[in-house]
Structures are given as structure tokens and as C-alpha cells.
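Breakdown of the fold
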Amino acid sequence: MKCIIAALSLLVAAHSVRGLSLAPRLAAPRPALSDNSNLVLGRRRSASSVEARAAHVTRLFSATAISTDGAFEEGGENLNVKYGPAITLGKLKINLFGALFGIWEVFWGIVFWYPALTLYRLLRWVSRSLPGDVMQKIDPFRRIPICAGYMWGLLSMTVFGMWPAVEGRENLEVLREVDENGKKGKLKPAMYVANHNSWMDIVFVGRVFGFANNKMIAKAELMKVPILGRALKVAGHVTLDRTNRRSQMQAFKGGVQLLKDGVNLVTFPEGTRTKTGRMGSFKKGAFKMAQSVGAYVVPMAIHYADKVQPLDYAFPAKPSQMRPKAVIKIGKPIATEGKSDDDLLEEVWTAIADELPESQKPAKNTPVGAN
């Protein structure tokens, strides 16, 4: 009902308010780091190693162009996005596009996604009470709810041009199983890691997998979000309460078992959305899961999700296919065997940072690892 009221209010506002420009907050360009900078976990390095790292960081933080009219530009992209008139409900804004899209996605959530999850949950409950537990045999790793979630995404996202472009799928061929006769099989399970600066990141990553099974490593607070919380529970995603040691251990064991069972894991190791748009430090927990079973880590750089749905908007404020376009760049899978925790963390962090646009690269002196 709030979404419908918002849409009607905005239709009126569009006739009475002149082009309200809501440009997102953007960080100013920053100079390159000096040759003496050391952006890793406080470890001592040789002079040659420091120089090599400084050269890499100099490239990482190269300046971004500012046009004469003050618009923030990046590789020809004007990031001074205009979202049009908006109203505020509580602490969040909704513009006309967001109101219409919100009504559309909530409609499909109520009509399709939530009923599908409820039916699946009921079938699992009935199956457990009968001899043989047929549902457990049919769907032991809860792929059906993942497929239902992606179908909801197709129904709600496609019409509004909300899917991001996905680049670098060819890099995943390293994970392709090949038998002794040279016949190609499915991809090996891996830990997929991405930067996090918008609610849309969660939905966007679904585009990488399609109907393939995958599980998010999600913070426990998301269980309180309507429909999403039910989806996380029913689909068997890994939830983690960062203030509870027992929860952390259970999440670790659950994630390791999923990788052993051939299920992909997805994590945003920053732990929360960045408030500045720039990538922050990574936590180590998810990487330890991959290391414990020798699984690859796949770095993914998500571009401009925060321009699609800024932090202060309740729904997306523009289509993903409108400039600046949302893109997911899949990097080359990184082997975990024979690497220390810190080295693996730095390698993945650097691989993602390298592929981010200038406005999203880590700020100067950002530590790679966080507690």
C-alpha cells in the first residue's frame, strides 16, 4: 500500500516539482600513493616487494577526471546521475521509477515467490514425517528454492531492465570438470567473492548462477527482512551472527560441508555495504572455508550497483542498463592450496580492486584485512 501511495504522490509531484536532481555523494579523486606506502596487513617486506606493491597501488588509485561543468566522469561515464523527483518515507527515498518497480517486484513476490517458498517448506515438512523422506532424495541440497528465487528475478527484473551485464564467464572454464575422454562436465564448486555497496548486489549475483545451486553467506540480521528472510531459511543459505561464537562455528562447518557437497558459496567479505561507495577491508572467515577443502575463490567486481540503488533509496532509482550501467566482472579463479590466509586474502582483494571503476577503488591506506 505504501508503494502505491508513493507512486500516486510522485505522479502528482512530477507535474508540480521542477527536475529535482538527486546526485549521489561521490568521493573526490585522490592522488597516487608514494613509493613508501605499504597497504597490506602490517607484515615486513623486502625493498623490492614494497616497490612492486607501491607501483601496483599507484595504478590502483590513479586519478579520475572532473569535467569543466563539475560532473564526475570516469572513462567517459558521467556519474552525476539524476533520479528525478522523490518523496521520503521514514529515512528512505522513493522516486517514480522506484515506486513502479517496487510495486512490480512486490507483486511477483506475493503472487509467486512467497507462495512457492511456503509450498516447498510444507512439502519438506510433510516429507520428513513420511517413511523415506522423498523430498530429501529429490532435492538434498535445496536447489528448488534457488530456482524459484531466480524465476522471481526473471519476472520482476527483466521488464524494467534491471539485470547487470556479466563479463568474464570464460574465466570459469578453469573450473570445468573434464573426464579421461576429454568430455566436459559441470563446473567445480567454488567460493564466489564480491565487493558490496548496494542491496542490489545480492540480486545481481543471482545472474551469474542462473538456475545453478548456490548459497549465500549472509548476516543473521537479514532473516528479519520480509520474504528475503524466509527465502534464506527455506533455501538453506548460511547465516552468521557475528556477535555469537557458536553461530560463527556453525556457519563455518555448514559452508565447508556445502563446498564438499558440490554447492557454490557466495560471500561479500566486507561484511556490510560500504557507505562511501569504495571497497573496504575483507574479513577472513569465508576464505578459510575455501582453503579447508581446497576450493577455488572466484573474484567478482560489481560496478555501479550503488548508482542503481543508492543507500538512501528504498527501491532501485534507475534501470541497471541505463548509464552508468551495472556490470559484474568475473575474474580468474584463484587457487587456495599452499597459500597463507594473508596471502590469499590479499590476492583476492587485489584482483577485485583492480577491476573496479575508479570511484569504487579502495581509499588510500585502506587495510586489506579486517578483524
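Just above, that's the structure.
Structural notes, computed from the coordinates. The numbers attached to residues start from 1 for each chain and follow its sequence in the written order. Residues qualify for local features only when their pLDDT is at least 70, as the model is predicted, and side-chain atom pairs are given and counted only at 80 or more; totals for whole chains, interfaces and linings, by contrast, use all residues. Side-chain measures were taken over the full set of non-hydrogen atoms in the model, leaving aside hydrogen atoms and water.

Considering the overall build of the protein
Secondary structure assignment for the protein yields 11 helices and 13 strands. Contacts between residues were defined by any pair of non-hydrogen atoms, one from each residue, lying within 4.5 Å. In the protein, the share of contacts with a sequence separation of at least 24, taken over all contacts with a separation of at least 6, comes to 75%. Throughout, the Shrake-Rupley method with a 1.4 Å probe supplies accessible areas, and for residues the shown protein chains are the sole cover considered. Total accessible area on the protein is roughly 18,600 Å²; 57% of this is exposed by carbon and sulfur atoms. Helix numbering and strand numbering both begin at the N terminus, where a helix is a DSSP run of H or I of at least 4 residues and a strand a DSSP run of E of at least 2.

Notes on helix α9 (residues 285–293)
Only protein chains enter the accessibility calculation, which uses a 1.4 Å probe; a residue is then buried when its area is under 20% of its type maximum, exposed when over 50%, and partly exposed in between. What α9 keeps buried is the set A286, F287, M289 and A290. Around the axis of α9, the buried residues are gathered within 150 degrees of arc, so they sit on the same side. Among the structural elements, β8 (190–194), β9 (214–219), α8 (245–260), β11 (264–267), β12 (296–303) and α11 (341–355) are those in contact with the buried residues of α9. Positive backbone phi, at 70 degrees, marks G294, one or two positions downstream of α9. When we speak of the arc, we mean the arc of directions from the helix axis to the C-beta atoms.

Observations concerning the layout of surface pockets
When its volume is computed, the largest pocket comes out at roughly 1,200 Å³. A pocket, in this scheme, is an open set of points on a 1 Å grid over the protein atoms alone with protein on both sides within 12 Å along at least 5 of 7 lines, while a cavity is a set where a 1.4 Å probe fits but cannot get out; residues line either one if an atom lies within 4 Å of a point. Taken together, 43 residues line the largest pocket, and the ones lying closest to its centre are E105, W113, W152, V203 and L228. Every element with two or more residues in the lining of the largest pocket is listed here: α1 (2–16), β4 (92–95), α3 (96–128), α5 (143–157), α6 (200–209), β9 and α7 (228–234). Amino acids are sorted into nonpolar (Ala, Val, Leu, Ile, Met, Phe, Trp, Tyr, Cys and Pro), charged (Asp, Glu, Lys and Arg) and polar (every other residue, Gly among them). For the lining of the largest pocket, the class distribution of residues is 32 nonpolar, 8 polar and 3 charged. Grid points are joined across faces, edges and corners, and a volume is the space filled by probe spheres set on the points. Considered as a void within the structure, the second largest pocket measures approximately 800 Å³ in volume. Lining the second largest pocket we find 29 residues, and of these I217, L240, R242, T267 and K283 sit closest to its centre. Elements represented by at least two residues in the lining of the second largest pocket include exactly β9, α7, α8 and α9. Looking at which element gives the most residues to the lining of the second largest pocket, the answer is α8, with 5 residues. Among the residues making up the lining of the second largest pocket, the classes are represented as 16 nonpolar, 6 polar and 7 charged.

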